Amino acid sequence: MWRWVRQQLGFDPPHQSDTRTIYIANRFPQYGHYTPQKFIDNRIISSKYTMWNFVPKNLFEQFRRVANFYFLIIFLVQLMIDTPTSPVTSGLPLFFVITVTAIKQGYEDWLRHISDNEVNGAPVYVVRSGGLVTTRSKNIRVGDIVRVAKDESFPADLVLLSSDRLDGSCHVTTASLDGETNLKTHVAVPETAVLQTVANLDTLIAVIECQQPEADLYRFMGRMTITQQMEEIVSYFFSFYISLMERNSNSKKTPCSKKYAIPLGPESLLLRGARLKNTKEIFGVAVYTGMETKMALNYKSKSQKRSAVEKSMNTFLIIYLIILISEAIISTILKYTWQAEEKWDEPWYNQKTEHQRNSSKILKFISDFLAFLVLYNFIIPISLYVTVELQKFLGSFFIGWDLDLYHEESDEKAQVNTSDLNEELGQVEYVFTDKTGTLTENEMQFRECSINGTKYQEINGRLVSEGPTPDSSEGNLSYLTSLSHLNNLSHLATSSSFRTSPENGTELIKEHDLFFKAVSLCHTVQISSVQTDSIGDGPWQSNFAPAQLEYYASSPDEKALVEAAARFGIVFIGNSGEIMEVKTLGKLERYKLLHILEFDPDRRRMSVIVQAPSGEKLLFVKGAESSVLPACIGGEIEKTRIHVDEFALKGLRTLCMAYRQFTSKEYEEINRRLFEARTALQQREEKLAGVFQFIEKDLILLGATAVEDKLQDKVRETIEALRMAGIKVWVLTGDKHETAVSVSLSCGHFHRTMNILELLNQKSDSECAEKLGQLARRVREDHVIQHGLVVDGTSLSLALREHEKLFMDVCRNCSAVMCCRMAPLQKAKVIRLIKISPEKPITLAIGDGANDVSMIQEAHVGIGIMGKEGRQAARNSDYAIARFKFLSKLLFVHGHFYYIRIATLVQYFFYKNVCFITPQFLYQFYCLFSQQTLYDSVYLTLYNICFTSLPILIYSLLEQHIDPHVLQNKPALYRDISKNRQLSMKTFLYWTILGFSHAFIFFFGSYFLIGKDTSLLGNGQMFGNWTFGTLVFTVMVITVTAKMALETHFWTWINHLVTWGSILFYFVFSLFYGGILWPFLSSQNMYFVFIQLLSSGSAWFAIILMVVTCLFLDIVKKVFDHHFHPTNIEKAQMYSNTVAFSDEFIALQPLSRARSQLSKLRWKKIRVQSAQHMNLLKASTEGRTVGTC
């Protein structure tokens, strides 16, 4: 029983085996005693709290804060011993702070619950009891057969059973998981691919054994054991599958066997978060659900993020706690020192009881120490936390209301999921960004190409030549489509004579024809619908509608190139088994696909071997120029190389196209070698690489393509602004090396003049260490040149395993770093490595897919892009925006303002509490440390809650110490607030010393006024101790409020209302509180005290004199610093004020007066040395309107 309880509470989780057994459709064995394994449900949880744990968990988190825990102790002390102040003075503010914070955090978590419920409540179709039923996503159980339709996301990790295709294949995009927008093909095992209907699936009795959940997206091992199938279904499809079974050496069975096992691999697993494409529907069985899916396992566990400001607050609180304890110890010691004299130990008016005389001196000392601790406890500002919480919560709405962060096309505004980190936006030193969907739009566009040494550019769907061609005596063949006789040259498509040096217009067209045929055939593009009517009837022009064909590609480049070829008349219209169909100039041609030589990062190219309609065997090669050009022996190699460099300088992604024709004997040799390599059980990869190298040689170069990966608007400007602000930008992507580098160059992350260092394809620790050492030496030797680093996921794993310090040294000396082929958890590890480095920089991660969630949660600040890859990143982020370009406004304006506001708020709170409690400490020297309070208990309670709270709150919400446009246009101003400069120890000490000095002026100024029993009233009546305390308190309230007014730069009617209204409220409250005998108060020490104080002219004079004295030195310092040592922000503010005054002031004047004002302004700015110059200056304004000025 006890073990069961521990398991339910999560302290003793039940033992799990290394594998899980899943009965498809949850058909458990009917014989014997079988206890099925228990699996979690399919709910996704991103929230922190539940209805049951909210109160204890939230209280635990809140009392981890130093101030909250401290005030809880003080409150308990006040309950247990006799203290000078009521427990209400500590308990009420503490209750208020805890309640407000709990409401705010509860509201934010409630929003997460709403988001989770939206996902978990999505409708899905499940096969149950022989029919297709609709249920909610959260109700999917392990073993359920789920139906997913085209363009829907998979609700759980599914093993593919069948699709609408006979071969059981389907196409998915995993953009939200690994950032790749390419189309991936998944295949069902032939034994279940036949089951394409609900009725047939209901006959399937099978068991899946697979590994327990793990985070690796690309690893899955399992097997399916089939125990029964309908014989008529198997026999019906036997003829189709017999060919497939011949190719599948892993599946050993006969169609009549009753029980057999089929291996399952990653190609059979459909991951939650991926999306079905190019397939009408699929059926799959759920193997991992809920938080055990690979997508959820790649989420980093959500932890409480704390900003640098909050950490500084805790440091300051500890310092003030030391001051508090010191004051309490000093007061206690001085009390017993003073009472060493008998006349002060037991004066005649305060005789001790017998119990007091016999009590323990140690206990009495401790009791007195605690009493002083309670008396001075208000030096720790508990209301600071609630004000900060309110400022963060209310201030976060301004981000959502900012129209500059609103994206009209998608109708998305900025969202704030966690307001605790607003000020952290102003402290970012590293930005880690995803590439696909974050920097780019996920849209590739064909721009230019080079064919046989001539460069072409696409304009309005046509190719325009930029250079001379062999048959163009004028040096410019304006449009290829000007060759009207092209329709009569269809015989060129099947011609067996491929020449590389065209001698006339016919040969020129043949070269272009062959180039675009290579583009249309050398790819792995899939097509969703085949509508060939009216396609390609015009010669290399867009007479047809490309929208009729929907292409899906393994690479975005491939899709853009195939679509471009279709626009120019060479239309790929799909695969039919091993036949690739191409429509050339309106004529349908069929090419037999013999072999695909897949792309790999070492070769950096891919190839296809096809058989032309005439029977010729052709090799078409496509790849990076560095891998294709060295293998070419013919064609315009040097011209093409020059064109490729020109394309690259424009930031375009380039690929070279080449071909080779095989004789029958050559093809037989190639076919034999490929078969041997692909069936090898050992060293298969090395043997294939050797065969590929043997095939891809002696090539004839056809040309090169240039594709633009369309960047989001203003990405280059945003990255450059981040650099100017002193922020380092890292790109972390799951994309290929070439693709990622190309985008980095086009978006300005890498510069063309930058020395690019590479740490790629490292196989061992020693090799990685040697390479890192070489890179470190290069960086040190070429320290003048800017460096960029490219590292892939495999090499990064080795670098982080044993060589973290060396790797970080290289990274810190690089201006830009790009990590490619990154798994989601690797992204988080990189960010954590930077976070824990000695500098402890503030990091920001931004991404748009589920593969970015881990890094978003690991970084100090996580930002999700509401893009095309789902909402996982936006839901799990701290902030969500629609476009990358909004990051500059979010950091440079909102981050800057939030940081300045909260930095002033924190230091102002400590300042005003030092002003508040220091007179209380000084007063003990004049009352024999009797623990007599200087202020009334109501004033003690309301000082931080009512009298001085609103001005600083409104300041922290509305303050703009500089124009927002100046901040955005001058990113360098962001450097002035980095490294938490506004909360440095120097600034903190300044505010603390300022508070002590003001407190001394309050106390001793009031003491000199009425401390000598001077009569300040007309009737000769003396002031008492409550009047003295009220005078100190009044001066203090006015001074700290006026100090806040001095700090305010941006005045609104709200600022005026709360600033002067707070002072007015204090006076009105004091008049009512002290002017009426309230029946519910047991004692009223303040009755008529305030009225009596205000009736004295001397008191009014003293109040004004002390307030002016306190603020005078502060004003002098500000004026001196502003004029002689202005900061960069103050310089920018002066400039913006001058420009704003000139523009706005003149624009508001009548035309005649505007001319006069403009002349005066110019007169002041330009010192005219002579009357002639003066006349010229005046003449320059004649005849001008305000608009021309």
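Residues numbered from 1 in each chain as written. Predicted model: local features only at pLDDT ≥ 70, side-chain atom pairs only at ≥ 80, totals over all residues. Heavy atoms only, no water.

Where an unreviewed UniProt entry is consulted, the chain appears under the name Phospholipid-transporting ATPase, with the organism given as Odocoileus virginianus. If you open the UniProt record of the chain and go to Cofactor (unreviewed entry), you find "Mg(2+)". Taken from UniProt, the Sequence similarities (unreviewed entry) comment for the chain reads in full: "Belongs to the cation transport ATPase (P-type) (TC 3.A.3) family. Type IV subfamily." (UniProt positions renumbered as here; feature names shortened; annotations may be inferred.)

All right, on to the sheet that holds strand 2 (residues 123-128) then. Pairing in this open sheet of six strands is antiparallel, and the strands run 3-2-4-13-5-11 from one edge to the other. At either margin of the open sheet sits one strand with a lone partner, and together these are strand 3 (131-136) and strand 11 (269-270). As paired strands, strand 4 (residues 145-149) and strand 13 (residues 281-288) are joined by five bridges and run antiparallel to one another. Bridging from a neighbouring strand, Ile 145 pairs with Val 285 of strand 13. (Pairing = 2+ DSSP bridges. Helix = DSSP H or I, 4+ residues; strand = E, 2+ residues; numbered from the N terminus.)

Looking now at the sheet that holds strand 35 (residues 879-881). With mixed pairing, the nine strands of this open sheet are ordered in space as 14-35-34-33-15-29-32-31-30. Of all the strands in the sheet, the pair left with one neighbour each is strand 14 (415-416) and strand 30 (755-759).

Bringing the environment of Gly 1029 into the picture now. Here Gly 1029 shows up in helix 35 (residues 1025-1047). Look at Gly 1029 and you get buried, because its relative accessible area is 2%. With 110 residues separating them in the primary sequence, Gly 1029 and Pro 919 have C-alpha atoms 8.9 Å apart. (Buried < 20%, exposed > 50% of the residue type's maximum accessible area, 1.4 Å probe, protein only.)

This brings us to the environment of Lys 728. When you line up the elements, Lys 728 lands in strand 29 (residues 728-732). By relative accessible area, Lys 728 is classed as partly exposed at 25%. Separated by 86 residues in sequence, Lys 728 and Cys 814 have C-alpha atoms that sit 9.2 Å apart. Each residue touching Lys 728, except ones within four places of it in the same chain, is listed here: Glu 429, Tyr 430, Val 431, Arg 812 and Cys 814. (Contact = heavy atoms within 4.5 Å.)

The backbone of Ala 25 shows a phi angle near 65°, a positive value even though the residue is not glycine. The topology assignment puts Ala 25 in the loop between strand 1 (19-23) and helix 2 (54-62). Ala 25 gets classed as partly exposed once you look at its relative accessible area, which sits at 24%.

Moving on, we come to the packing of aromatic side chains. Enumeration over the complete set of coordinates arrives at 61 aromatic pairs. Ring centres of Tyr 551 and Phe 572 lie 6.4 Å apart, and the angle between their planes is 25°; on these two criteria the pair is classed as stacked. You can see Tyr 551 sitting in strand 20 (residues 551-552) and its partner Phe 572 sitting in strand 21 (residues 570-576), a full 21 residues away along the chain. Judged by its relative accessible area of 4%, Tyr 551 falls in the buried class. Judged by its relative accessible area of 0%, Phe 572 is buried. (Phe/Tyr/Trp six-rings, centres within 6.5 Å; stacked < 30°, edge-to-face > 60°.)

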